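# A structural walkthrough
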Amino acid sequence: MLNTVYRLVAPRRFEVEFNDIDLHAGQIVVRPTHLSICHADQRYYQGVRPAEVLKEKLPMALIHEGLGEVLYDPTGTYQCGDTVIMIPNTPCEKDEVIAENYLRSSKFRASGFDGFMQEHVALDIDRVVPVDDSIDKVIAAFTELVSVSVHAIRRFDSIAHKRRKAVGIWGDGNLGYITAIFFKAMFPNTKLYILGVDQEKLSGFSFADDTFSVSDIPDDLYIDHAFECVGGAASQQAINQIIDHIQPEGTISILGVSEYPVPINTRMVLEKGLRIFGSSRSGREDFLKTVELYKEHPEIIGYLRNIVGAQVEVRSIEDMNKAFETDIHKSMGKTIMLWNK
Ligand SMILES: NC(=O)C1=CN([C@@H]2O[C@H](COP(=O)(O)OP(=O)(O)OC[C@H]3O[C@@H](n4cnc5c(N)ncnc54)[C@H](OP(=O)(O)O)[C@@H]3O)[C@@H](O)[C@H]2O)C=CC1
Ligand SMILES: O=C(CO)[C@H](O)[C@H](O)COP(=O)(O)O
Ligand SMILES: [Zn+2]
């Protein structure tokens, strides 16, 4: 089946290309309808990754957060028109120790493997999960980002020691907000503190036990464990503040993406015997757990609605640029492309 792919060929430049979808390959074919822009997409769109990386990755269709309608399913699992969330991580092997999103052999949409900015997307049947039509599609569109938080919290639960009186999340943006919502739902008896830079954003964390500006953290604030949801150059300050305010033997989950190595106070990491682990992306199990949590905690959908930002109808390449430029200038929230309109 002839398919249209919209690839980023250079920073800020999308071009139409065509490929063929083999309807006898046993894959499900999805028609994307709601796509959500991630920081990672912006790093390619703005060309802020190193030149050699851009050379290696582009041309490439962007976007790895999205949902769509089933167009064709040779397996008979779904009906035509069913709404499914698309899973960007695409493993080619299984490992009993290493999770699918950490296998170096896995491909990841919009990171060297065409993302969802296509007329249709062909996926293996286990690369989609069903989502109830009762969940607003502009919210379900960024379930991948939510699944990253759920994945990190699940790993925290298996790695961190059992004392969980107080946890700190650094980062008052989308990832910090989503991680905070799900952490509070999964660990309601733990004191949850949010540390960020913008008072207006911090005021949105009404469900947290307290919020602090990173420029004014009380000296006597101590946490048992922490999540870093900042990334970029700012993650150095965030991680080192965590090291200062975490109790010995605490666990630090690092989620922020920084292009260059980040200097951290390793002497104190040793003195406090800290556990530091990285979390990146997510796997099918995390998507299934996320959709399950949507159902178990319907109030979460209400909170997630707070970070739905601009919704941009996309009918042309010009609209694609408009969506990305709008996202760059947003104050906060997720920019959603209403796709295949
Ligand atoms: N591990 C993974 O799989 C994933 C990682 N990410 C990464 O996570 C990071 C955050 O993503 P996202 O939430 O979407 O980005 P946002 O920009 O929405 O959030 C980052 C927030 O951190 C704030 N901030 C800046 N400096 C500090 C500081 N020193 N301490 C605390 N907060 C600070 C920023 O404020 P301000 O804007 O005012 O600077 C901003 O509000 C990015 O690097 C992104 O690439 C995203 C998705 C998945
Ligand atoms: O956003 C993410 C997952 O949701 C990851 O940070 C992103 O996939 C990293 O990819 P790249 O190495 O291409 O920046
Ligand atoms: Zn992402």
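In the annotation of an unreviewed UniProt entry, the protein chain is listed under the name Ribulose-5-phosphate reductase and assigned to Jutongia hominis. UniProt annotates the protein chain under Sequence similarities (unreviewed entry) with the comment "Belongs to the zinc-containing alcohol dehydrogenase family."

### Overview of the site of ligand 1
Taken together, 26 residues surround ligand 1, and among them D172, L175, K201, Q237 and R281 come closest. D172 is positioned with one of its side-chain polar atoms (N or O) 2.6 Å from an oxygen atom of ligand 1. At a separation of 3.2 Å, an oxygen atom of ligand 1 approaches a polar backbone atom of N174. Burial of ligand 1 by the surrounding chains reaches 82%, relative to a free accessible area of 910 Å².

### Here's the deal with the layout of surface pockets
In this structure, the second largest pocket encloses a volume near 370 Å³. Lining the second largest pocket are 22 residues; nearest its centre among them are K94, A99, E100, R127 and R284. Elements with a contribution of two residues or more to the lining of the second largest pocket: α4 (143–159) and α9 (284–296). Among the residues making up the lining of the second largest pocket, the classes are represented as five nonpolar, four polar and 13 charged.

### Some thoughts on the coordination of the zinc ion (ligand 3)
Around a metal, the ideal angle is 109.5 degrees if four donors adopt a tetrahedral arrangement and 90 or 180 degrees if six donors adopt an octahedral arrangement. Those protein atoms acting as donors to the zinc ion (ligand 3) are C38 (SG) and H64 (NE2), and they sit at 2.1 to 2.3 Å. Classification of the site at the zinc ion (ligand 3) as irregular follows from its four donor atoms and the range of 74 to 158° in their angles at the metal. With a gap of 26 residues between them, C38 in the loop between β3 (28–36) and α1 (39–45) and H64 in the loop between β4 (60–61) and β5 (65–72) connect regions that are remote in the sequence. The buried category is assigned to H64, whose relative accessible area is 5%.

### Brief notes about the domain arrangement of the protein chain
Structurally, the protein chain comprises domain 1 (2–141 + 307–339) and domain 2 (147–278). One C-alpha centre belongs to domain 1, the other to domain 2, and the line joining them spans 29 Å. Each partner contributes to the interface: domain 1 provides eleven residues, whereas domain 2 provides eleven residues. Carbon and sulfur atoms supply 55% of the area that domain 1 and domain 2 bury against each other, a total of about 880 Å² over both sides. Broken down residue by residue, the surface that domain 1 buries against domain 2 is led by Y102, I307 and M332, which jointly contribute 49%. One can count one salt bridge joining domain 1 with domain 2. Here E259 ties to R49 by a salt bridge, and the two come within 2.9 Å at their closest N and O atoms. Its residues assigned to classes, the side of domain 1 that touches domain 2 shows four nonpolar, three polar and four charged.

### Describing the UniProt feature "domain: Alcohol dehydrogenase-like C-terminal" (unreviewed entry) in the protein chain
UniProt records the feature "domain: Alcohol dehydrogenase-like C-terminal" (unreviewed entry) at residues 221–295, using the numbering of this structure. For residues 221–295, the end-to-end C-alpha separation is 35 Å, with 40% helix and 25% strand making up the annotated structure.

### So, the site of ligand 2
Around ligand 2 sit C38, A40, R43, Y44, R49, H64, F108, S111, E144, V257 and R281, and those are all the residues in its vicinity. Note that an oxygen atom of ligand 2 is positioned 3.1 Å from one of the side-chain N or O atoms of H64. Between R281 and ligand 2, the recorded distance is 2.9 Å, taken from a side-chain N or O atom to an oxygen atom. Considered on its own, ligand 2 offers 380 Å² of accessible surface; in the complex 85% of this is hidden by protein. In terms of residue count, α1 provides more of the shell around ligand 2 than any other element does, three residues in total. Looking at the shell around ligand 2 residue by residue, the class counts come to five nonpolar, two polar and four charged.

### Here's the deal with the pairing of strand β18 (residues 334–338)
Summarising burial for β18: five of the five residues are buried, a large majority. Side-chain alternation along β18 places K334, I336 and L338 on one buried face and T335 and M337 on a second face that is also buried. Relative to β18, β3 runs antiparallel, the two sharing three bridges. Counted as the bridge partner of H34 is L338 from β18. This β-α-β element, strand β17 (residues 308–313) to helix α11 (residues 317–328) to β18, shows right-handed connectivity.

How each quantity is defined
- Residues numbered from 1 in each chain as written.
- Chains lettered and ligands numbered in written order.
- Predicted model: local features only at pLDDT ≥ 70, side-chain atom pairs only at ≥ 80, totals over all residues.
- Heavy atoms only, no water.
- UniProt positions renumbered as here; feature names shortened; annotations may be inferred.
- Near = heavy atom within 4 Å.
- Polar contact = N/O pair within 3.5 Å; in protein donor to acceptor, adjacent residues only side chain to side chain.
- Areas by Shrake-Rupley, 256 points an atom, 1.4 Å probe, with all protein chains shown as cover.
- 1 Å grid on protein atoms, 1.4 Å probe; cavity = no way out; pocket = protein on both sides within 12 Å on 5 of 7 lines; lining within 4 Å.
- Points joined across faces, edges and corners; volume = space filled by probe spheres on them.
- Helix = DSSP H or I, 4+ residues; strand = E, 2+ residues; numbered from the N terminus.
- Nonpolar A, V, L, I, M, F, W, Y, C, P; charged D, E, K, R; others polar.
- Donors = N, O, S within 2.8 Å, 3.2 Å for Na, K, Ca; no water.
- Tetrahedral: all angles 85-135°; square planar, octahedral: opposite > 155°, others 65-115°.
- Buried < 20%, exposed > 50% of the residue type's maximum accessible area, 1.4 Å probe, protein only.
- Domains from an automatic or database assignment.
- Contact = heavy atoms within 4.5 Å.
- Buried area = accessible area lost by both parts, 1.4 Å probe.
- Salt bridge = Lys/Arg side-chain N within 4 Å of Asp/Glu carboxyl O.
- Pairing = 2+ DSSP bridges.
- Right-handed = clockwise from strand over helix to strand, strands pointing away.

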